[in-house]
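Notes for the structure review
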Amino acid sequence: MLRTPFFDPNKTYYENWEQGPFGDFANGEVLPEGAPRFEFLGHKIAYPIGIPAGPLLNGRFVDAALDKGWTVPVHKTVRLKTHPCNEWPNVLALKDFPGQLSIERAQEPLVVTNTYGEPLSITNSFGNPSYEPEVWQKDLGKSLAHAKEGQLVMCSYEGTKREGMSSEEYVNEWVEGMKLLKDAGVEVVEANFSCPNEGAASLLCFDVPKVKVITSAIKKAIGDTKLIIKIAYFDEASLRDLVKEVGGIVDGFSAINTIAAPVVNEDGTQALPGAHRVKSGICGHAIKWAGLDMVRRLKSLRDEFGMSYGIIGSGGVTVPADFKEYRDAGADIVMSATGAMWNPYLAKEIKDAYPDG
Ligand SMILES: Cc1cc2nc3c(=O)[nH]c(=O)nc-3n(C[C@H](O)[C@H](O)[C@H](O)COP(=O)(O)O)c2cc1C
């Protein structure tokens, strides 16, 4: 059942940031968290469920997620300097698309609408906006204090490529931001190498040599702090190459981000304003197959290479049975963004359905 979304697609990112979260997510009810029974990268956690980087815009959203039993919430991707949000609208629903979105189908336009139904698939396009570090560092400190025993607050970061930057400066941009997350007290940080909404021709995660340089530099700087990298959907050979090259450097992989596709209004016109927004990231039910496929392959590559990285699975978790599919596929933690937005009680429903995780 779809409830009032805690991020309101009818409002701008800034209105959501200032006024949200909305609906039952924000009703102040605090659900109990069980004793820590699971382990993730050396952290004892109460249950392997979370919300990935995205809908939790600031500390109030992260605290509300903790209160509703989302054991591992990830603060939306932040940057080293203030960065504007893409023009509204930022979230729209897929119209008449109940199935799974193959990579081939994602080359063709998808019709989007502001009417939301089930199965729930949406597009989101923000461009990773950010407030200045003072704002998010303060928020993270508060949320870390708000977390109960067994809850783990993570945060996602993206290094910004600015005009005229050398590759050394770009690597440093990643390192400096990650150090600020560590300074704020975050013990598991996530590098967003897979944002599809920046107009980049190719995602950073597909450039394996660069990923290796950046992750090595970050790990050198943050020491024991755990580093996860957020990646997109990969074909077989490219994922094998990525894991072979960086699976021993990073502490975990988070898969997947969205699948990019052209999005249009019913009359065929471009749905999102802006030259770089012909394509937009699709998430929710339609991409579940891709998240599951990646988790299965990450697990089998981990076994094959004798590695020990953690696996966070996301993409299309909207009902409790989806959680189980991800766990069976090998996810150490399962996360839901779209599903959580329209059902704050999904974590509770999952815990009730699968008490043993
Ligand atoms: C509203 C919204 C905002 C998002 N913003 C980010 C982000 O800032 N960083 C990121 O790595 N992923 C972002 N994502 C992608 C999610 O983390 C997730 O990988 C993707 O939505 C698939 O999960 P889902 O099907 O449960 O939504 C966002 C997703 C949504 C729905």
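Presented here is an overview of the structure given in this document. Chains are numbered independently. Their residues run from 1 in the order of the written sequence. Reporting in this predicted model follows two pLDDT cut-offs: at least 70 for local features of residues, and 80 or more for side-chain atom pairs to be given and counted; totals over whole chains, interfaces and linings ignore these cut-offs and use all residues. The side-chain numbers reported here are obtained from all heavy atoms of the structure, hydrogens and water having been left aside.

So, on to the packing of helix α6 (residues 236-246) against helix α7 (residues 288-305). Here an axis means a line fitted to C-alpha atoms, over the contact stretch when the element is a helix, while the angle between two N-to-C directions is reported on a 0 to 180 degree scale. Strands are runs of DSSP state E lasting at least 2 residues, helices are runs of H or I lasting at least 4, and numbering of each runs from the N terminus. Two elements in contact, α6 and α7, have axes separated by 10 Å at closest approach and are oriented at 50°. Viewed along their axes, α6 and α7 adopt a mutual orientation that is oblique. The chirality of how α6 crosses α7 is right-handed. Here E236, L239, R240, V243 and K244 of α6 lie close against α7, whose contacting residues are M294, R297, L298, L301, E304 and F305. Only Asp, Glu, Lys and Arg are considered charged, only Ala, Val, Leu, Ile, Met, Phe, Trp, Tyr, Cys and Pro nonpolar, and every remaining residue, Gly among them, polar. A class-by-class count of the residues in the contact of α6 with α7 yields six nonpolar, no polar and five charged. When an angle is under 35 degrees it counts as roughly parallel; over 145 it counts as roughly antiparallel; between 65 and 115 it counts as roughly perpendicular; any other value is oblique. Crossing chirality is assigned from the near helix's rotation relative to the far helix, an anticlockwise turn below a right angle marking it left-handed and a clockwise turn marking it right-handed. Two residues form a contact once any of their heavy atoms are found within 4.5 Å.

A pocket here means an open set of points on a 1 Å grid, computed over the protein atoms alone, that has protein on both sides within 12 Å along at least five of seven lines. A cavity is instead a set of points where a 1.4 Å probe fits but cannot get out; residues with an atom within 4 Å of a point line either one. Grid points are joined across faces, edges and corners, and a volume is the space filled by probe spheres set on the points. In the structure shown here, the tally under the stated rule is two cavities of 30 Å³ or more. A volume near 470 Å³ is recorded for the largest cavity. Around the largest cavity sit 36 residues that line it, and A53, G54, N124, T258 and A337 are the ones nearest its centre. Elements that contribute at least two residues to the lining of the largest cavity include exactly β4 (72-78), β7 (121-124), β9 (188-192), β13 (279-284) and α9 (338-342).

A few words now on the pattern of salt bridges. Any two side chains of opposite charge can pair, on the condition that their charged atoms come close. For this analysis, a salt bridge means a side-chain nitrogen from Lys or Arg found within 4 Å of a carboxyl oxygen belonging to Asp or Glu. Tallying each qualifying case throughout the model produces 19 salt bridges. Here K288 ties to E325 by a salt bridge, and the two come within 2.7 Å at their closest N and O atoms. With K288 in helix α7 and E325 in helix α8 (residues 320-329), the pair connects residues that are 37 residues apart, well separated along the chain. Accessibility here uses a 1.4 Å probe with only protein chains present; expressed as a share of the type maximum, an area under 20% marks a residue as buried, one over 50% as exposed, and anything in between as partly exposed. Of the residues examined, E325 reaches a relative accessible area of 34% and is grouped as partly exposed.

Of the two faces of strand β8 (residues 154-157), the one carrying M154 and S156 and the one carrying C155 and Y157 are both buried. Pairing between β4 and β8: three bridges, direction parallel. Across the sheet, residue V74 finds its bridge partner in β8, namely M154. Direction of pairing for β8 relative to β9: parallel, over a ladder of three bridges. Following the sheet pairing, S156 is matched in β9 by E190. For the handedness criterion, the strands are oriented away from the viewer, and a crossover whose path from the first strand over the helix to the second runs clockwise is classed as right-handed. Tracing the backbone out of β8, into helix α4 (residues 167-184) and back to the parallel element β9 gives a crossover that is right-handed. Paired strands, in this sense, are two strands between which DSSP finds at least two bridges.

All right, on to helix α5 (residues 208-222) then. The span expected for a helix works out to 1.5 Å for each residue beyond the first. Spanning 15 residues, α5 covers 21 Å between terminal C-alpha atoms, matching the ideal 21 Å at 1.5 Å per step. All of the buried residues along α5 are V208, V211, I214, T215, I218, K219 and I222. Across the axial projection of α5, the buried residues extend over an arc of 130°, all falling on one side. Away from its buried face, by an angle of more than 90 degrees, α5 presents the exposed residues P209 and K220. In the core, the buried residues of α5 are packed alongside α4, β9, β10 (226-231) and α6. Arc definition: directions from the helix axis to the C-beta atoms.

This part is about the site of the ligand. One heavy atom within 4 Å of a molecule or strand makes the whole residue count as near it. Near the ligand, the surroundings consist of 23 residues, among which A53, T77, G284, G316 and T338 are the closest. A distance of 2.8 Å separates an oxygen atom of the ligand from a polar side-chain atom of K230. We call two N or O atoms a polar contact when they sit within 3.5 Å, provided that within protein one can donate a hydrogen and the other can accept it, with sequence-adjacent residues counted only if both atoms are side-chain atoms. In this structure, an oxygen atom belonging to the ligand sits 2.8 Å away from a main-chain N or O atom of A337. Contact with the protein chains covers 98% of the free accessible surface of the ligand, which is 600 Å². Its atoms largely coinciding with the cavity grid, the ligand occupies the largest cavity. Residue classes in the shell around the ligand are distributed as nine nonpolar, 12 polar and two charged. All accessible areas in this document rest on Shrake-Rupley with a 1.4 Å probe, and a residue is counted as covered only by the protein chains that are shown. Molecules are considered to sit inside a cavity or pocket once more than half of their atoms lie within 2 Å of its grid points.

Moving on to the sheet that holds β9. Whenever strands of a sheet pair, they do so through backbone hydrogen bonds, lying parallel or antiparallel. Pairing is parallel in the closed barrel, where eight strands are placed in the order β3-β4-β8-β9-β10-β11-β14-β15. The average undirected angle you get between the axes of adjacent strands in this sheet is 25°. Here strand β14 (residues 310-314) runs beside strand β15 (residues 333-335); their pairing, made up of three bridges, is parallel. Counterpart to S314 in the pairing with β15 is M335.

On to the sheet that holds β13, then. Taken in spatial order, the five strands close into a barrel running β5-β6-β12-β13-β7, and their pairing is mixed. Sheet twist, expressed as the average angle between the axes of neighbouring strands with direction ignored, equals 55°. Summarising the sheet, strand β12 (residues 259-264) and β13 pair through four bridges and their orientation is antiparallel. Among the inter-strand pairings, A261 is bridged to a residue of β13, identified as S280.

Don't take any of this as a statement about function, it's just geometry.
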